[in-house]
Amino acid sequence: MGLGKLCEFEKQANKVCFTYERGTAYLEIICENIVNVFLPCETQDHRSKAIEGEKAIPVDFSVTGKREQGADVVVVETEQLTVKVFDDFYVDFYKADGTLLCADSRKERKPRPALSEKSLAVLKAEGHDVSGGESLSYPVQTVKVMDGDEKFYGLGDKTGFLNKRDYEYENWNSDIPQAHTDSFKALYKSVPFLITLKSCGVFGLFFDNTNKSCFNLGKENEGYYFYGAAAGNLDYYFIYGEKMPEVVKGYTYLTGTTPLPQLWTLGFQQSRWGYDSAEMIREIAGTYRKLLIPCDVIHFDIDYMDGYRVFTWNEEDFGTPGGIIEEIGRSGFKTVCIVDPGVKREQGYAKYDEGVANDYYAKTPEGEVYVNEVWPGEAVYPDFGKKEVRDWWADNQRCMLSFGASGIWNDMNEPASFRGELPADVMFTDEDRPSPHSAVHNVYGHLMAKATYDGLKKYDGKRPFIITRACYAGTQKYATVWTGDNQSLWAHLQMAVPQLCNLGLSGLSFAGTDVGGFGADCTPELLCRWVELGAFSPLFRNHSSNGSIFQEPWRFDEKTLEINRKFICLRYQLLPYFYDLFWKGEKTGLPVIRPLVLHYEKDPNTWNLNDEFLVGEHLLVAPVLTQGAQKRMVYFPEGIWYDFFTGKEYSGGEYDLVSAPLDVCPVFAKAGSMIPTWEVMQYTGEKPYDTLKLKVFKGEGVYVHYQDNGADFAYRDGAYNLYEFRQDASGEVCHRMLQEGYGTPYRKIEYVR
Ligand code: GLC
């Protein structure tokens, strides 16, 4: 790192300051298992967008200068971790028992051979992108030794499989309309958080840098992995965990957990870009009710706006502002409206004029308002890095609430732009100072979601429901995410599982994919299989692109309709289980959807398991992800598992071939689990939830069920009930109340075996 010899070190409260020949670097002990490594390359302070508030707590730790194997070393010890710091600010992490977990590589990087000028020219001539290798020149980087048995997880929404080993990824929020494939280095989200699993232990690395960054996980060389950024500081957190869940908890301790959402947001949702009139919305809503397919939400895509001007209403096609929202609301539908960041450049349009008058938009280096193009044509970009712009945006949510919107869908906030990417030097703000697009890009969506959240919270008072496409680490505090513009491809259905699992490990617990696929044409079989996966996704929304085949549940044949209804009904039955997971997740940071490796990390069969997942700890879902398949292999981790529908028993540690005709999605419950279910309703809260049915799977176990009003923040003041269920080895279940704060407890609790 070029800092040279370590001259001095000094303990200052939670920090240790290291003075080198050519600079100063720091460690900060956040808590017993989390240490921040900080080399101020650009600014002296962290300027984190992901972490809010002070996270460091008082920790008893020692700092000792030593000589080990001929080198000066400073040893920092907490109860759980030992960190050794050397010349050149090489930092190694050990478990308290002395096991080396993660060492900085001391050797020069050895990239694989570069292409010759001749090859580059030929490739370029045929139109290939030969820009690869940018990461070579990243000025901020850290290189870690790779021992050989590392598996890598996390990193948000990246394409490909669960384990990211041997690949390189970039963090640069990107709206790429082509079909996403494994070769894509970046998608819409930047979550520079990696979980490394080794036989000797597991830990997380959170590289808190908003600039374009890369994670090269053994692709360049099998001897090391590295991450680096185009600018900013070397500012990362080492998060140790005895087991993987502790690492996820540590990461979400820093960046925040997903707050409990309103209950209706867990219901089924219908969307399509192309519902372009009130008439069409009325028809969609009416068909749901007529066909008795439960549905809670209709999404209003860009057509409800007047000429795609944000915070306006298209009266010509959608009638009186909010009228249709009120109308479908009478049959139990909530409405979520899209709001993009691009503000139409048009004098006389109030939002544009207001923004210009108050200096709210990003500017060129010459100080002119910067203009690009999005749906409304020429558009300008609110500078969400300024508090007053976020406040203005938050205030504008009143307009959406006045239309009757119950939630807001923030899209195109990478930010997307039709006339090429915003130049690196377009000027935004980072609170108290100017900041170029290159530094703000990856947090633009995050800041927009935060502003939207604050507005909804202030003016609606309910738990805000925001769906965002772009995000940064920590956005889970404000918004739900979806994986953007997938396509109706089997490959995308397959990719959905590792994507949702890695999003969950990256803190983004409330996530979903466009069920049925957004682009391209869905088929009846694909829709069936996707709804089977969707029923277990935290966000369960069927969405498709304008121009593609319609893919609402009834658009194909009777059988497809039945299968859709069946799985949507199953979701409504399982709502209390999902809701419980969200409530628990707010406290622990553990996701709803989990790869098996999260709970069975010692089992090698889980390390690369891409087509199964857990919902919480108790349900194992093995969706069919291949066209034509009527059976599939299912891996069962340790323990006894029961088929959720038939009760058939399976033993763990084995693969079994399981039958899965089109109307079956294999789901299993772990022995001892008790899964709460409710009566199916056409929408959440259609009738009071007065009966809880607990589906009991034999074995010893404890389950805590949560109940509240499903809407506001009263639960934070204790307005909730907690029921504890205990099952003994003979299958006997008893229950007791752990907390009574919500006035409408169940009238009846039934056990179903
Ligand atoms: C983007 C979104 C998509 C939306 C469309 C029109 O492509 O990702 O979900 O339907 O824009 O607003």
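Our structure's up above, just so we're on the same page.
Description of the structure in this document. In this text the structure is predicted, and so the values were computed from the model without any measurement. (Residues numbered from 1 in each chain as written. Predicted model: local features only at pLDDT ≥ 70, side-chain atom pairs only at ≥ 80, totals over all residues. Heavy atoms only, no water.)

**Structural notes on the environment of Asn372**
The criterion, for reference: Helix and strand definitions here come from DSSP, where helices need a minimum of 4 consecutive H or I residues and strands a minimum of 2 consecutive E residues; each element is numbered from the N-terminal end. With a 1.4 Å probe rolled over the protein chains alone, any residue whose accessible area is under 20% of its type maximum counts as buried; one over 50% counts as exposed, and the rest are partly exposed. Here a polar contact is taken to be a pair of N or O atoms separated by no more than 3.5 Å, where protein atoms must pair a possible hydrogen donor with a possible acceptor and residues adjacent in sequence count only if both atoms sit in side chains.
Topologically, Asn372 is positioned in strand E23 (residues 371-374). A relative accessible area of 1% places Asn372 in the buried class. Residues Asn372 and Gly160, spaced 212 residues apart in sequence, show a C-alpha to C-alpha distance of 32 Å. Of the polar contacts made by the side chain of Asn372, one reaches the side chain of Tyr370; its length is 2.9 Å. Engagement of the side chain of Asn372 in a polar contact is seen with the backbone nitrogen of Arg419, the distance being 2.9 Å.

**Quick look at the site of the ligand**
Formally: Throughout, near means a residue has at least one heavy atom within 4 Å of the molecule or strand. To measure how exposed things are, a 1.4 Å probe is used in the Shrake-Rupley method; for residues, cover is taken only from the protein chains shown.
Close to the ligand lie Trp273, Asp301, Ile302, Ile338, Trp375, Trp409, Asp411, Arg469, Trp482, Asp485, Phe518 and His543. Within the contact set of the ligand, an oxygen atom lies 2.5 Å away from a side-chain nitrogen or oxygen of Asp301. Between Asp411 and the ligand, the recorded distance is 3.0 Å, taken from a side-chain N or O atom to an oxygen atom. In isolation the ligand offers 310 Å² of accessible surface; the protein chains occlude 97% of this area.

**With respect to the packing of helix H9 (residues 490-505) against helix H10 (residues 524-534)**
As a reminder of what qualifies: Helix axes use the C-alpha atoms of the stretch in contact, all axes being lines fitted to C-alpha atoms, and the angles between their N-to-C directions lie in the range 0 to 180 degrees. Comment on the angle field: the value is read as roughly parallel under 35 degrees, roughly antiparallel over 145, roughly perpendicular from 65 to 115, and oblique elsewhere. Contacts were defined at the residue level, with two residues in contact if any of their heavy atoms lie within 4.5 Å. Asp, Glu, Lys and Arg are counted as charged, while Ala, Val, Leu, Ile, Met, Phe, Trp, Tyr, Cys and Pro are counted as nonpolar; the rest, among them Gly, fall into the polar class.
Running from amino to carboxyl end, H9 crosses H10 at an angle of 5°, the nearest separation of the two axes being 11 Å. For the element pair H9 / H10, the angle class is roughly parallel. The residues of H10 that touch H9, namely those facing Trp490, His492, Leu493, Ala496 and Val497, are Glu525, Leu526, Arg529, Trp530 and Leu533. Its residues placed into classes, the contact of H9 with H10 shows seven nonpolar, one polar and two charged.

**Some points on the pattern of salt bridges**
When charged atoms on two side chains of opposite charge get close, those side chains can pair. Going by this rule: Criterion for a salt bridge: a side-chain nitrogen of Lys or Arg within 4 Å of a carboxyl oxygen of Asp or Glu.
On inspection of all chains with the given rule, the structure shows 51 salt bridges. In this structure, the salt-bridge partner of Asp104 is Lys144, at a minimum N-O distance of 2.8 Å. In this pair, Asp104 is assigned in the loop between strand E9 (100-102) and helix H1 (117-125) and Lys144 in strand E10 (residues 140-145), connecting sequence segments 40 residues apart. Across the salt bridge formed by Glu346 and Arg309, the nearest N and O atoms sit 2.7 Å from each other. Linking Glu346 in the loop between strand E22 (343-344) and helix H6 (350-357) with Arg309 in the loop between strand E20 (297-300) and helix H4 (315-318), this pair joins segments that are 37 residues apart in sequence. According to the relative accessible area criterion, Arg309 is buried, its value standing at 15%. Here the salt bridges do not stand alone but share partners, grouping Asp45, Arg47, Lys49, Asp430, Asp432 and Arg433 into one network.

**Some details on the sheet that holds strand E24 (residues 377-380)**
Convention followed: Strand pairing follows a simple DSSP-based rule, namely that at least 2 bridges must link the two strands.
Here we have three strands laid out as an open sheet, ordered E22-E24-E23, and antiparallel in their pairing. Each edge of the open sheet carries a strand with a single partner, namely E22 and E23. Judged from the two bridges that link them, E22 and E24 form a sheet pairing that is antiparallel. For Lys344, the partnering residue across the bridge sits in E24 and is Ala379.

**Focus on the pairing of strand E3 (residues 23-31)**
Of all nine residues making up E3, seven are buried, and the element is well covered by its neighbours. Note: strand E2 (residues 15-20) against E3, six bridges, orientation antiparallel. Bridge pairing links Tyr20 to Gly23 in E3. Linkage of E2 to E3, two consecutive antiparallel strands, is achieved through a turn of two residues. Relative to strand E4 (residues 34-39), E3 runs antiparallel, the two sharing five bridges. Note that in E4 the partner of Tyr26 across the bridge is Phe38. Turn length for the E3-E4 hairpin, with the two strands adjacent in sequence and antiparallel, is two residues.

**Considering the packing of aromatic side chains**
This is how it is decided: Each Phe, Tyr or Trp ring, with Trp reduced to its six-membered ring, pairs with another whose centre is within 6.5 Å; inter-plane angles below 30 degrees give stacked pairs, above 60 give edge-to-face pairs, and intermediate values give tilted ones.
Taken as a whole and assessed by the stated rule, the structure comprises 57 aromatic pairs. Ring centres 6.1 Å apart and planes at 80° place the aromatic pair Trp313 and Phe318 in the edge-to-face group. With relative accessibility at 2%, the residue Phe318 sits in the buried group. Aromatic side chains Phe465 and Phe510 sit 5.9 Å apart centroid to centroid with 40° between the ring planes, which places their arrangement in the tilted category. Placement of Phe465 in the loop between helix H8 (437-460) and strand E28 (466-468) and of Phe510 in the loop between H9 and strand E31 (511-512) is noted, with a sequence separation of 45 residues between them. The exposure classification of Phe465 matches that of Phe510, with both residues buried. Here the aromatic residues Phe311, Tyr352, Tyr360, Tyr361, Phe384, Trp392, Trp393, Phe428 and Tyr444 are joined through ring pairs into a cluster of three or more.

All quantities given are derived from atomic positions and should not be read as evidence of function.
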